[in-house]
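Structure assessment
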Number of protein chains: 2
Amino acid sequence: MRKSGRPTMIDVAAEAGVSLKTVSRVINTEPNVDAAMAARVHDAIERLGYHRNALAASLRSGTNDTLAFVAADLANTFYLGVAAALSGVAVQRGMHVVMASSEEDAAAERRLALDLCQRRVGGLILVPAAWDHSYLAREVAHGTPVVFLDRPGSGIPADAVLIDNRGGARAAVVELLAAGHERVGILLDAPEIYTMRERLAGAEEAFSAAGRTLDPALVVSGLHTPQDARAAMARLLESSDPPTAVFCGNNRATVGALEEIMTRDADVDVSGFDDFELSWMLPRRIRIVSYDIAELGIRAATTLLDRIASGGAAEPSTQLVPTALVDRGGRLSVDAPRLP
Amino acid sequence: MRKSGRPTMIDVAAEAGVSLKTVSRVINTEPNVDAAMAARVHDAIERLGYHRNALAASLRSGTNDTLAFVAADLANTFYLGVAAALSGVAVQRGMHVVMASSEEDAAAERRLALDLCQRRVGGLILVPAAWDHSYLAREVAHGTPVVFLDRPGSGIPADAVLIDNRGGARAAVVELLAAGHERVGILLDAPEIYTMRERLAGAEEAFSAAGRTLDPALVVSGLHTPQDARAAMARLLESSDPPTAVFCGNNRATVGALEEIMTRDADVDVSGFDDFELSWMLPRRIRIVSYDIAELGIRAATTLLDRIASGGAAEPSTQLVPTALVDRGGRLSVDAPRLP
DNA sequence: ATGAAAGCGCTAACAC
DNA sequence: GTGTTAGCGCTTTCAT
């Protein structure tokens with residue numbers, strides 16, 4: 001019997017008067033087991049309060065039913081939404097999800113990712129904070145598939161699930177230009193961030209398509225908080241030739257810009273990437289490049305699970321989640337999105 | 001060498017020309033290892049691209065550096081905030097966090113919790129969806145500590161980290177009564193939810209303290225979405241003797257009530273439990289029972305980690321995270337909270 | 001349809 | 001200081 005700890009399969013086998021292997025067969029619902037024998041085993045399991053040690057099973061079989069999600073910032077609702085969606089898909093398919101946050105730090109990402117591989121997770125979903133991911137080459141080669149989310153990775157064969165950043169930004173700016181705006185400000189987070197570069201590129205494409213060029217004086221980068229964005233917006237509005245419209249590269253920039261604009265009651269059209277909670281409650285109408293956050297998580301999870309199931313034969317793919325330009329604010333709509 | 005898979009400690013030992021145990025010592029930075037030997041081992045590790053198999057280590061040692069967090073609803077920003085805080089504390093102390101969501105379903109909670117115990121997680125942080133947790137008695141007895149979060153559990157010795165629901169609600173309603181409101185509506189989610197019962201009890205305490213009693217006609221329960229709350233608010237406002245103030249039991253109720261009140265431009269004081277994003281941006285002043293979500297996660301994680309470290313000797317404790325009654329909306333404040 | 005034996009990769013006792 | 005020997009609890013051969 002158990003010496004001090006939990007009951008093991010051996011204890012169950014002894015209790016049921018069968019062999020170890022029979023217990024294993026019953027627990028894993030393998031075929032070719034006598035019903036009466038199975039019943040005896042189940043009885044013994046019940047009596048002993050036995051629970052299978054998944055660690056041991058995983059060690060022996062080499063399989064693992066845990067996925068890992070390394071986000072760039074788990075405190076961000078975006079990644080949290082992704083995590084929830086991921087988790088839902090995984091649990092539905094009998095797997096679990098470990099989550100961790102790199103806090104946008106390349107070294108932390110590397111440490112976490114390798115640490116999770118040490119735990120022999122079944123696969124890795126990674127929001128790149130690092131530039132180069134060849135440090136994962138061995139893990140991928142040894143059968144731990146990786147899916148990049150939100151930003152592309154490099155250095156290893158891996159699938160990627162991204163947002164159509166360029167297309168979404170282009171559509172938003174095309175609209176501003178079509179509305180006759182001559183001076184359009186652009187507020188962005190750090191250019192080191194992939195999505196910011198793509199969104200800026202999208203804005204530039206819109207200008208090119210209109211046969212115009214973006215005024216560098218109206219592009220402000222490195223805005224990390226709404227406060228940064230608010231200050232930047234203030235400077236733009238106080239300049240000699242202020243913008244009449246602004247495109248914001250993410251929801252923090254949008255909120256900051258709005259705060260300044262609303263405080264001044266300035267006449268500036270606002271368009272921004274990323275929806276945010278209660279955006280529909282804003283007293284002023286704005287346009288938002290919106291997309292389905294859950295869709296991102298669902299696609300990443302299914303892509304990873306499929307690759308695990310298939311053994312990783314197929315070519316790495318890159319999926320783009322589409323965006324939509326929508327109205328927010330300006331009225332209290334009845335079909336407001338549910339507060340999570 | 002490796003037959004097909006990853007290199008093992010044995011491979012490293014062979015490569016470095018030392019024994020298995022020496023490699024183990026080097027990897028676990030045990031004392032009493034010759035520096036030169038350690039260097040040789042590190043070289044071999046580097047050459048082979050060896051990564052320790054944490055599963056095997058955990059199986060053998062019986063310890064596990066993964067914590068599990070079973071939330072009631074991972075799509076809720078509240079639990080996500082908790083999860084992020086938890087995760088931060090855990091990673092800081094060299095542990096990982098697995099997250100799962102019971103979706104407020106007792107059976108799902110049980111399945112998930114036991115499943116995670118099968119994985120021999122080091123400890124469990126649980127938001128109870130079930131009423132009875134004696135199904136975990138064996139796991140707790142076998143050394144898997146449990147901490148209940150947000151709601152108390154039952155049937156097992158376990159720590160709990162809760163919000164001061166009663167105190168917060170009482171303070172909010174005391175204030176409404178002190179402001180001279182004769183008729184105060186109360187909007188709540190399902191009474192099956194512990195926090196709702198506590199918050200209602202707090203409201204009742206406030207009435208008692210004022211020598212008054214709550215009018216049952218003004219208490220509406222079972223409001224799960226903002227839409228439900230909005231409809232309930234509409235009914236209250238259309239009644240023959242409508243309330244002049246309303247206390248909302250959670251942020252969904254607050255948002256729904258506000259939507260109806262703002263649409264009608266009704267003169268109703270609003271006070272609600274739970275802060276929410278952009279609440280400061282509301283065009284109308286409200287009062288919010290606020291608390292530090294991260295604090296909840298941090299306390300739960302440290303409590304669990306301490307219990308794991310101490311072997312679980314101490315008596316189970318219950319901690320109450322304090323609340324504060326704060327102003328929201330009514331103006332654009334400069335010190336707006338950061339958008340996550 | 002069932003069982004015996006081997007071993008997954010590592011750590012914990014003991015030797016030396 | 002270092003090596004040798006046992007297992008952790010399970011799944012996987014392979015035999016019966």
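Residues numbered from 1 in each chain as written. Chains lettered and ligands numbered in written order. Predicted model: local features only at pLDDT ≥ 70, side-chain atom pairs only at ≥ 80, totals over all residues.

**Structural notes on the overall build of chain A**
To keep things clear, this is the line we draw: Counting from the N terminus, the helices are the DSSP runs of H or I reaching at least four residues and the strands are the DSSP runs of E reaching at least two. The reference for a compact globule is 2.2 Å times residues^0.38; the radius of gyration itself is calculated from the C-alpha atoms. To assign burial, the other C-beta atoms lying within 10 Å of each residue's own C-beta are counted, with C-beta atoms placed from the backbone; 20 or more indicates buried, 12 or fewer indicates exposed, and intermediate counts indicate partly exposed. In this description, a residue-residue contact is defined by the distance between C-beta atoms placed from the backbone, which must lie within 7 Å.
Of the regular secondary structure elements, chain A holds 12 helices and 12 strands. A compact globule built from 340 residues should have a C-alpha radius of gyration of about 20 Å, whereas chain A, at 26 Å, is more than 25% larger. By principal-axis analysis of the C-alpha atoms, chain A measures approximately 90 × 45 × 35 Å. In chain A, which comprises 340 residues, the share counted as buried stands at 50%. Here the contacts in chain A between residues at least 6 apart in sequence split such that 67% fall between residues at least 24 apart.

**Observations concerning the sheet that holds strand E5 (residues 159-163) of chain B**
Cut-off, in case you're wondering: Strands are labelled as partners when DSSP assigns at least two bridges between them. Fitted lines through C-alpha atoms give the axes, limited to the stretch in contact for helices. The angle between two N-to-C directions lies from 0 to 180 degrees.
Taken in spatial order, the 12 strands of this open sheet run E11(A)-E5(A)-E4(A)-E3(A)-E1(A)-E2(A)-E2(B)-E1(B)-E3(B)-E4(B)-E5(B)-E11(B), and their pairing is mixed. Of all strands in the sheet, those with a lone pairing partner are strand E11 (318-321) of chain A together with strand E11 (318-321) of chain B, marking the two edges. The sheet shows a mean angle of 20° between the axes of neighbouring strands, taken without regard to direction. Of the pairings in the sheet, the one linking strand E1 (residues 66-71) of chain A to strand E3 (residues 123-126) of chain A comprises four bridges and is parallel in character. Note on E3(A): the bridge partner recorded for A:Phe69 is A:Ile125.

**Focus: the protein's contact with DNA strand C**
Worth spelling out the cut-off: What makes a residue near a molecule or strand is its C-beta atom, placed from the backbone, lying within 6 Å of it.
In the neighbourhood of DNA strand C, 26 residues make up the surrounding shell, with A:Ser19, A:Asp34, A:Arg60, B:Met9 and B:Ala57 lying closest. In terms of residue count, the dominant contributor to the surface near DNA strand C is helix H4 (residues 54-61) of chain B (five residues).

**Some points on the interface of chain A and chain B**
This is how the line gets drawn: Each residue gets one of three labels, nonpolar for Ala, Val, Leu, Ile, Met, Phe, Trp, Tyr, Cys and Pro, charged for Asp, Glu, Lys and Arg, and polar for the others, Gly among them.
Across the contact, 51 residues belong to chain A and 51 residues belong to chain B. Those elements that provide at least two residues to the side of chain A that touches chain B are helix H4 (54-61), helix H5 (77-92), strand E2 (96-101), helix H6 (106-118) and helix H11 (251-264) of chain A. A per-class count over the side of chain A that touches chain B returns 27 nonpolar, 15 polar and nine charged.

**Structural notes on the sheet that holds strand E10 (residues 286-290) of chain B**
Residue and element names in this part refer to chain B. Sheet architecture is open: six strands sit in the order E7-E6-E8-E9-E10-E12, paired in mixed fashion. Either end of the sheet is taken by a strand with one partner, and the two such strands are strand E7 (219-220) and strand E12 (324-328). Along the sheet, helix H10 (residues 226-238) contacts strand E6 (184-187), E7 and strand E8 (245-248); its crossing angle with E6, the most-contacted strand, is approximately 155°. Sitting on the sheet, helix H11 (residues 251-264) is in contact with E6, E8 and strand E9 (269-273), with an inclination near 160° to E9.

**Some words on the nonpolar core**
The condition that has to hold: A set of buried Ala, Val, Leu, Ile, Met, Phe, Trp, Tyr and Cys residues, joined through C-beta atoms within 7 Å, is what we mean by a nonpolar core.
Among the nonpolar cores identified, the biggest contains 104 residues, and A:Leu86, A:Ile125, B:Leu86 and B:Ile125 are the most heavily contacted of them. When sequence neighbours within four positions are dropped, the list of residues in contact with B:Ile125 reads B:Leu67, B:Ala68, B:Phe69, B:Leu86, B:Val147, B:Leu149, B:Ala300 and B:Leu304. With 76 residues, the next largest nonpolar core counts A:Ala169, A:Leu187, A:Met233 and B:Val246 among its residues.

**Things to note about the relation of the copies chain A and chain B**
The test is simple: A least-squares fit on C-alpha atoms brings the copies together, and the residues used are those whose pLDDT is at least 70 in both copies.
Mapping chain A onto chain B leaves a residual RMSD of 0.1 Å; the transformation is a rotation of 180° accompanied by 0.1 Å of translation along its axis. These values place the two chain copies in the arrangement generated by a two-fold rotation axis. Judged by C-alpha distance, A:Val98 is the residue of chain A that lies nearest the rotation axis, at 2.1 Å. Of the residues that chain A buries at the interface, 100% are likewise interface residues in chain B, meaning the two copies contact each other through the same surface.

**A word on the protein's contact with DNA strand D**
Every one of the 26 residues lining DNA strand D counts as a neighbour, but A:Met9, A:Ala57, B:Ser19, B:Asp34 and B:Arg60 are closest to it. Where the surface near DNA strand D is concerned, the elements lending two or more residues are helix H2 (20-27) and H4 of chain A together with helix H2 (20-27) and H4 of chain B. Among the elements that make up the surface near DNA strand D, the one with the highest residue count is H4(A) (five residues). For the surface near DNA strand D, a count of residues per class yields 11 nonpolar, nine polar and six charged.

**Regarding the environment of A:Val161**
Residue and element names in this part refer to chain A. Looking at where valine 161 falls in the secondary structure, it is placed in strand E5 (residues 159-163). Once the C-alpha coordinates of valine 161 and serine 271 are considered, the two residues, 110 residues apart in sequence, prove to be 24 Å apart. Apart from residues lying up to four places away in sequence, valine 161 is in contact with Val147, Leu149, Leu296, Arg299, Ala300, Thr303, Gln319 and Val321.

**Side note on the domain arrangement of chain A**
Note the threshold: Segment limits for the domains were obtained from an automatic or database-derived domain assignment.
Each assigned domain of chain A is listed here: domain 1 (9-52), domain 2 (64-163 + 293-322) and domain 3 (165-290). Distance from the C-alpha centre of domain 1 of chain A to the C-alpha centre of domain 3 of chain A: 64 Å.

**A look at the pairing of strand E4 (residues 146-149) of chain A**
Residue and element names in this part refer to chain A. The side-chain alternation of E4 yields two buried faces, one formed by Val146 and Phe148 and the other by Val147 and Leu149. Relative to E5, E4 runs parallel, the two being bridged by three bridges. Within E5, the position partnered with leucine 149 by the bridge is valine 161.

**Some words on the packing of helix H10 (residues 226-238) of chain A against H11(A)**
Residues and elements named next belong to chain A. For the record, the criterion: By definition in this entry, angles of less than 35 degrees are roughly parallel, angles greater than 145 are roughly antiparallel, angles of 65 to 115 are roughly perpendicular, and the rest are oblique. By definition, any crossing whose near helix is turned counterclockwise from its far helix by less than a right angle is left-handed, and any crossing with a clockwise turn is right-handed.
Viewed as axis vectors pointing N to C, H10 and H11 meet at an angle of 50°, and their least axial separation amounts to 7 Å. Regarding the angle of H10 to H11, the classification is oblique. Judged by the sense of rotation from one axis to the other, the crossing of H10 with H11 is right-handed. Contacts between H10 and H11 involve Pro226, Gln227, Asp228, Ala229, Arg230, Met233, Ala234 and Leu237 from the first element and Arg252, Ala253, Val255, Gly256, Ala257, Glu259, Glu260, Ile261 and Arg264 from the second.

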